[in-house]
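Below, each chain spelled out in residue letters.
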Amino acid sequence: MASESWTDSVDEAVNDFFEPVAEFLTDVVFFDVRLFDADFPLIVGWLALAGLVFTLYFGFAQFRHLRTALRFVSGKYDQKDAPGEISHFQALTSAVSGTVGLGNIAGVAIAVSIGGPGATFWMILCGLLGMATKFVECTLGVRYREIDAQGRVSGGPMYYLRKGLAERGLAGLGTVLSLASAVMILFFGFVGGNLFQVNQSLEQLTTVTEDHTDFFAGSGGSLLFGVVVAALASLVIIGGIRSIGQVTSRLVPAMAIIYATACLIVIGFNVTAVPDAVGAIVSGAFSPEGVTGGVIGALIQGFRRAAFSNEAGIGSAPIAHSAVKTKRPASEGLVALLEPFVDTVIICTMTALTIVIAGGPLYDAARDTAAGGGDPATAEGIAAAGGDPGIAITSDAFDTALPWFPWVLTLAVFLFAFSTIITWGYYGLKAWTHLFGASRASEYLYKGVFCLLTVAGALLSLGTLVDLADCFLFLGAVFNIIGLYLLAPVVKRELKRALAYARRRDEGWTEEQIDAAEAAEAAESAPTAAARPPGDGA
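Being a predicted model, the structure only gives us computed values, none of them experimental.

1. Notes on the pattern of salt bridges
Item 1. Scanning the entire structure with this criterion turns up 17 salt bridges.
Item 2. With its nearest N and O atoms 3.0 Å apart, the salt bridge here joins arginine 71 to aspartate 506. Pair noted here: arginine 71 is in helix 4 (residues 66–74) and aspartate 506 is in helix 22 (residues 463–506), with a separation of 435 residues, a long-range link.
Item 3. We classify aspartate 506 as partly exposed; its relative accessible area is 40%.
Item 4. Linking glutamate 494 and arginine 143 is a salt bridge whose minimum nitrogen-to-oxygen distance equals 3.2 Å. Taken together, the positions of glutamate 494 in helix 22 and arginine 143 in helix 7 (residues 118–143) put the pair 351 residues apart, joining distant regions of the chain.
Item 5. Within this structure, Asp81, Arg143, Lys327, Arg328, Glu494, Arg497, Asp515 and Glu518 form a network of salt bridges that share partners.

Pasting the structure below:
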């Protein structure tokens, strides 16, 4: 953000160094195929297909067991003596804080600009499918987690890929996939989950204050902002997942309420337009107007936004969910399926609905430009607005009812960014310790590097590194989902066990009676399991 020549020089040098690698990986990871005059990234299809497969394999678990999931997250089935560090609700808010970010505001605006109102329909559908994938990976995160002598939990794809695939006689494959996942998560944690978040929140702050002061546009203001964010983040990260859970359990509901309330106010000001907007979303999903690629074009934009937003199948969320206090892994898997619902079906849809209903000059200009095959970011007025084009479109739509909304949006962007930073700080730490060991010196080294990059994010944009981080994150989804397919039978058994536990609790069974019944059932199934060939359904 700073205008000093040395920051520009560093930016340029780093970008030039990594640009060839970033371009190569972008071409590979986000490889497009042409469908009906629209480019379809295969990685989006990979993520959406996983959601569809798991939805069918588990019999639409995200719908059939939604009530049970809500009961688990409410604390109805909590166990005081269960191993773990945080409650079901804290685990959920910690994971949601890592996914709810700038994409929920800016990314959605670009999606409905290019794909039209109908993109919202497909975004919701992809979010619903992603709930099944999130259920699978987070169940595995708890199933194969490790707890040290101090009660600290470590989990995630690094653990279930290595340990779970070893149980199936695929130890070599599991080791390779787990190490690759750790590298991907670590790199994104440093750049996409940290540096980029600081840079974008500062950019929004600079834009909204430019009529009053240019302090944040200079190196001094940028440095101060970075140091403050790094200090606040370090206070939370040093406390580990328990501290993160305590902060996010308050921060996530607060920021969701603030943002949703602003959306509802705008919708309320335009309440007579709601029926037409809903009709445009439904009709636009199947017979869109002014959308390159028609139905497929609208579908691609909706699926792309949902897949990139809720991160179902990426492998990041199981790291937070694995720290939950539970004896039954699928209980947290059920809680985790609520995450894409909150992130995509609620937050992203609220943004899209507000933009479609309120419209605004910049949205209309973006739609006209996109209909002509152009980039919405180049539409008249958007580039002049400064900052992220998606945020400019969103802010303009809200401005139709709330002239002071840019300040609310700035607060929302900062809260979303900060929650993402602290959660990805924890994700990166677990990937770091998996790769380099969990000694105190190793952990402090990681936290020091992470905080330095937080400050750097306020001074440098490093756009090429951000692009590279996106490549790494979604490349991790390829490794992770391979393991999810192979370990799905384990999840099915754990789901049966968790549902039986909930049913018995509802019937009034005591914990002792349930434990005894489960032990008896395990003893009965042991001879059958022992008779299986190695790797068959383990």
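2. As for the side chain of threonine 344
Item 1. Structurally, threonine 344 is set in helix 16 (residues 338–358).
Item 2. On the basis of relative accessible area, threonine 344 is assigned to the buried category, the value being 0%.
Item 3. Excluding anything up to four places from it in sequence, threonine 344 contacts Met123, Gly127, Ala306, Ser309, Asn310 and Thr349.

3. A closer look at unusual backbone geometry
Item 1. In this structure, phenylalanine 60 is a non-glycine residue whose phi angle is positive, near 60 degrees.
Item 2. Examined against the element boundaries, phenylalanine 60 turns out to sit in the loop between helix 2 (42–57) and helix 3 (61–64).
Item 3. Looking at phenylalanine 60, the relative accessible area reads 41%, which means it is partly exposed.

Rules and cut-offs
- Positions within a chain are numbered from 1, following the residues in the order the chain's sequence is written.
- For a predicted model such as this one, the threshold for reporting local features is a pLDDT of at least 70, and the threshold for listing and counting side-chain atom pairs is 80 or more; totals across whole chains, interfaces and linings nevertheless cover every residue.
- For the side-chain quantities, the full set of heavy atoms in the structure was used; hydrogens and water were omitted.
- Here, a salt bridge means any Lys or Arg side-chain nitrogen found within 4 Å of an Asp or Glu carboxyl oxygen.
- Here a strand is any run of E in DSSP of at least two residues, a helix any run of H or I of at least four, and the numbering for each starts at the N terminus.
- A simple rule labels every residue: compare its accessible area, found with a 1.4 Å probe on the protein chains alone, to the largest value its type can have, and call it buried under 20%, exposed over 50%, or partly exposed in between.
- Contacts were defined at the residue level, with two residues in contact if any of their heavy atoms lie within 4.5 Å.

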